[in-house]
Amino acid sequence: MAEHSDELTGPDLSQGIEISSVSPGQLVAGHAFGEPVVLVHVEPNWFAVGGKCTHYGAPLAEGILVGETIRCPWHHACFELRNGAASRAPALNDLPSYTVLLENNIVRVTGKRDHSWPRGADNRPRGSRAPEKVLLDENPVVGPSSVLIVGAGAAGIACAEMLRREAYRGPITLVDADPDAPYDRPNLSKDYLAGNAPEEWLPLHPKSFFDEQGIRILSGVEAKRVDTASKSLHLSDGSVHSYGVLLIATGASPIRLPIDGGERIQYLRTLADCRAIIGKIEGARTAVVIGASFIGLEVAASLVTRGLEVHVVAPETLPLERVLGSQLGELIRAVHEQHGVRFHLGRTVQSIDGNAAILDDGTRLNADIVIAGVGVRPNLDLAASAGILLDNGIAVNEFLETSVASVFAAGDVARWPDAYSDARLRVEHWVVAERQGQVIARNMLGHRDRFDDIPFFWSAHYDNLSIRYSGHVEHWDETRIDGDVTKLDCAVSFIVGGKVRATATINRDRQSLQAEIEMERDLLLKPPPPVTVQPPAA
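Now for a quick tour of the structure. (Residues numbered from 1 in each chain as written. Predicted model: local features only at pLDDT ≥ 70, side-chain atom pairs only at ≥ 80, totals over all residues. Heavy atoms only, no water.)

**A word on the overall build of the chain**
Where we set the bar: Helical segments are the DSSP runs of H or I of at least four residues, strand segments are the runs of E of at least two, and each set is numbered from the N terminus. The atom set for the radius of gyration is the C-alpha atoms, and the globule formula is 2.2 Å times the number of residues raised to the power 0.38. Only protein chains enter the area calculation, which uses a 1.4 Å probe; residues under 20% of their type maximum are buried, those over 50% are exposed, and those in between are partly exposed. Contact criterion: two residues are considered in contact whenever any of their non-hydrogen atoms come within 4.5 Å of each other. Note on areas: these come from Shrake-Rupley sampling with a 1.4 Å probe, and a residue is covered only by the protein chains present in the view. This count recognises Lys and Arg as positive and Asp and Glu as negative, with His and chain-terminal groups excluded. By convention, the charge on Lys lies at NZ, on Arg at CZ, on Asp at CG and on Glu at CD.
In terms of helices and strands, the chain carries nine helices and 36 strands. A compact globule built from 538 residues would reach a C-alpha radius of gyration of about 24 Å, and the chain, at 24 Å, matches this within 12%. With the C-alpha coordinates of the chain rotated into their principal frame, the extents come out at 80 × 60 × 50 Å. Within the chain, the fraction of its 538 residues that count as buried is 56%. At a minimum sequence separation of 6, the contacts of the chain that also span at least 24 residues come to 60%. Accessible surface, the chain as shown: approximately 22,100 Å² in total, 47% of it carbon and sulfur. Within the chain, one finds 51 positive and 69 negative side-chain charges whose respective centroids are separated by 3 Å.

Below you can see the structure in the form of structure tokens.
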């Protein structure tokens, strides 16, 4: 992603600008009271909100308006213009919003708005800001008796946070075996591993947030078994917890290679894994990365940034060709080679011998550290213990309900009917998991919201290669390229049956966002599909 300065730019909107200088739908980047602000006229209303996305700080003036919302250009978060609320992941924190005054052909920002809600306020409208503090009700009148969430990753945290936005005041408990959860997992293979981001950037929220929201987190304890008859969850510490509704968001685990010397291989999934890798980097000069996946290549780029000589070993003929096609595969290889990465494609690692990786052709690569990124498997044991229907993951319907009453599933474990592609998907995308968690929160409270978001993910390699991907396709009839691949400035559309099913962009953030919005509009013309997994009544 591009670097953006914290320096305030544009007009001082507290002093005002001429109304006639602003066209309907125009995003005016300015500042007020020492903070970046975006001013926009959506007829007949005027809005002013914070100018930087609360996720990674993207300039929102480079985003796109959809109705009375603004979309972030980098990672497609969505904010409500009327109050600055973060209404769709990956942003979880709200924007400041400001009052706007029109007078004598001048529009100006007059002050920051107070959005505090009365303690315990119920029936908040869709798209509300997060409450400052929740007055917990142990016996809630609205919603389930309690919510139990297994997994404090993307889906679990997004679900808990959205429940509070939707005015649920009952008990919420998250269970996660990872003692460090919740944190920003995508950053582990990128800036944090590269040494460009301190660890204090990783938590999704400060601890005080969960205290104020009345969200209990049981960290370092594993969920072992679900008893759906008694609606209870058995944990590894011997405790048993009842639930009104349950979300299974257990994520996935890295596939481990069964080769001689394999105990020396490092895998990257958790913060503890990343700390261990960083610890081994000290004094290391050479690294072998097994797998040319997105994770593998991001790890390679991060290790190069730290000054290591990096070799990537993978069976493919081109990195990421299966996902992005040959043109982008060749580009990605070239960019990594320009930064010093050495590829050994069409090869596999047969064994680890001391400080060397032995390839299937006998090549011996010096390796002070070996890291594998060859895929993951969904963690399905808990769902199996509950007798939940499995189908290359946990089978869920359009509302993300499982085959068992009062049990939902989201994230890496959930296989859902994708409305856009008309296929059942299970994808391991951070943003998809978060958005599923948000939809589930509303459905736990009695709504019937179909999950029909367009899958989206991003990948960052060095400072000059930023990949965005909207949609999902595993096989395609043709590709259409807009721009110049060799100049790292292009959009590639993947066509199936004459229809764009996915778009990958290189350093074209706005076009990536526009592609996602166009796919959403196509969905508006399709009738809703039938419910495919129907749980019994609770």
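**Concerning the pattern of salt bridges**
Quick note on the threshold: The salt bridge definition used is simple: a Lys or Arg side-chain nitrogen within 4 Å of an Asp or Glu carboxyl oxygen.
Counted by the stated rule, this structure contains 30 salt bridges. Between Asp180 and Arg275 there is a salt bridge; the shortest N-O distance is 3.1 Å. Of the two residues, Asp180 sits in the loop between strand S12 (172–176) and helix H2 (191–194) while Arg275 sits in helix H4 (residues 271–281), which places them 95 residues apart along the sequence. Looking at Asp180, the relative accessible area reads 25%, which means it is partly exposed. Classification of Arg275 by relative accessible area gives partly exposed; the value is 33%. In this structure, the salt-bridge partner of Arg269 is Asp412, at a minimum N-O distance of 2.8 Å. Separated by 143 residues along the polypeptide, Arg269 in the loop between strand S19 (265–267) and H4 and Asp412 in the loop between strand S29 (407–409) and strand S30 (414–418) bring together distant segments of the chain. Given the relative accessible area of 9%, Asp412 is considered buried. Here the residues in one salt-bridge network are Arg71, Arg88, Arg435, Asp453, Glu516 and Glu520, joined through shared partners.

**Some details on the pairing of strand S24 (residues 356–359)**
In plain terms, the rule: Think of it this way: DSSP has to see at least two bridges between two strands before they count as a pair.
Residue alternation in S24 divides its side chains into two sets, Ala356 and Ile358 and Ala357 and Leu359, and both sets are buried. Pairing of strand S23 (residues 349–352) with S24 involves three bridges; the strand directions are antiparallel. Residue pairing across strands places Ile352 opposite Ala357, the latter belonging to S24. Here S23 folds back onto S24, and the loop between the two strands holds three residues, one of which, Gly354, carries a positive phi near 60°. The turn linking S24 back onto strand S25 (residues 364–366) is made up of four residues, and Gly362 within it adopts a positive phi angle of 90°.

**Re the sheet that holds strand S26 (residues 369–372)**
Applied cut-off: Angles shown run from 0 to 180 degrees and are taken between the N-to-C directions of axes, each axis being a line fitted to C-alpha atoms and, for helices, limited to the stretch in contact.
Taken together, the five strands give an open sheet; going across it, the order is S19-S26-S20-S21-S22, and neighbouring strands pair in parallel fashion. Lying at the two open borders of the sheet, with one neighbouring strand each, are S19 and strand S22 (342–345). Within this sheet the neighbouring strands show an average axis-to-axis angle of 25°, counted without direction. Relative to strand S21 (residues 309–314), strand S20 (residues 286–290) runs parallel, the two sharing five bridges.

**What about the packing of aromatic side chains?**
For clarity, the threshold we go by: Any pair of Phe, Tyr and Trp rings, taking the six-membered ring for Trp, is counted once the centres come within 6.5 Å. Such a pair is stacked with planes under 30 degrees apart, edge-to-face with planes over 60 apart, and tilted for the rest. Charge-over-ring contacts are defined here by two conditions on Lys NZ or Arg CZ: a distance within 6 Å of the ring centre and an angle within 35 degrees of the ring normal.
Under the defined criterion, the tally for this structure stands at eight aromatic pairs. When the ring of Phe294 is compared with that of Phe457, the centres are 5.0 Å apart and the planes differ by 70°; the resulting orientation is edge-to-face. Within this pair, whereas Phe294 is found in helix H5 (residues 294–305), its partner Phe457 is found in strand S32 (residues 456–461), the two being separated by 163 residues in sequence. Like Phe457, Phe294 is buried. Positioned above the aromatic ring of Tyr420, the side-chain terminus of Arg501 is 5.6 Å from the ring centre.

**Some remarks on the nonpolar core**
Using the following cut-off: To form a nonpolar core, buried Ala, Val, Leu, Ile, Met, Phe, Trp, Tyr and Cys residues must be joined to one another through side-chain atoms within 4.5 Å.
Residues Ile172, Leu233, Leu247, Ile394 and Met444 are the most contacted members of the largest nonpolar core, which totals 63 residues. Among the elements that take part in this core, helix H8 (residues 430–444) stands out by supplying eight residues, more than any other. If near-sequence neighbours (up to four positions away) are discounted, Met444 is found in contact with Pro144, Val147, Cys159, Leu163, Val245, Leu246, Leu247 and Phe408. Membership of the second largest hydrophobic core comes to 50 residues, among which are Leu188, Ala301, Val304 and Tyr462.

**Observations regarding the state of the cysteines**
Applied cut-off: When two cysteine sulfur atoms are found within 2.5 Å, that pair is recorded as a disulfide.
Overall, the coordinates contain zero disulfides when judged by the stated rule. Counting only cysteine sulfurs, Cys53 is the nearest neighbor of Cys78, a cysteine outside any disulfide, at a range of 10 Å.

**Section: the sheet that holds strand S31 (residues 423–425)**
Read across the open sheet, the three strands follow the order S28-S30-S31; overall the sheet is mixed. Each of the sheet's edge strands pairs with one partner strand only, and the pair in question is strand S28 (394–395) and S31. In this sheet, S31 lies alongside S30 in antiparallel orientation, the contact comprising three bridges. Paired with Asp418 across the strands is Ala423, a residue of S31.

**Let's talk about the environment of Arg216**
Looking at the secondary structure, you find Arg216 in strand S13 (residues 215–219). Along the chain, Arg216 and Ile172 lie 44 residues apart, while their C-alpha atoms are 6.2 Å from each other.

**Some remarks on the side chain of Gln266**
Mapped onto the elements of the fold, Gln266 is located in strand S19. Look past the residues within four positions of Gln266 in its chain and what remains in contact with it is Ala276, Ile277, Lys280, Ile369, Val370, Ile371 and Ala372.

**A few points about the pairing of strand S3 (residues 35–42)**
Counting buried residues in S3 gives six out of eight residues, a clear majority hidden from the surface. Where strand S2 (residues 27–32) and S3 come together, six bridges link them in antiparallel fashion. By the bridge assignment, His31 is partnered in S3 with Pro36. In textbook terms, the turn of a hairpin is the stretch between consecutive antiparallel strands, and for S2 and S3 this stretch comprises two residues, one of which, Phe33, has a positive phi near 55°. Pairing geometry for S3 and strand S4 (residues 45–50), over six bridges, is antiparallel. Bridge pairing in S4 links Val37 to Gly50. If you look at the hairpin formed by S3 and S4, you'll find two residues sitting between the two strands.

These results come straight from atomic positions and should not be treated as a statement about function.
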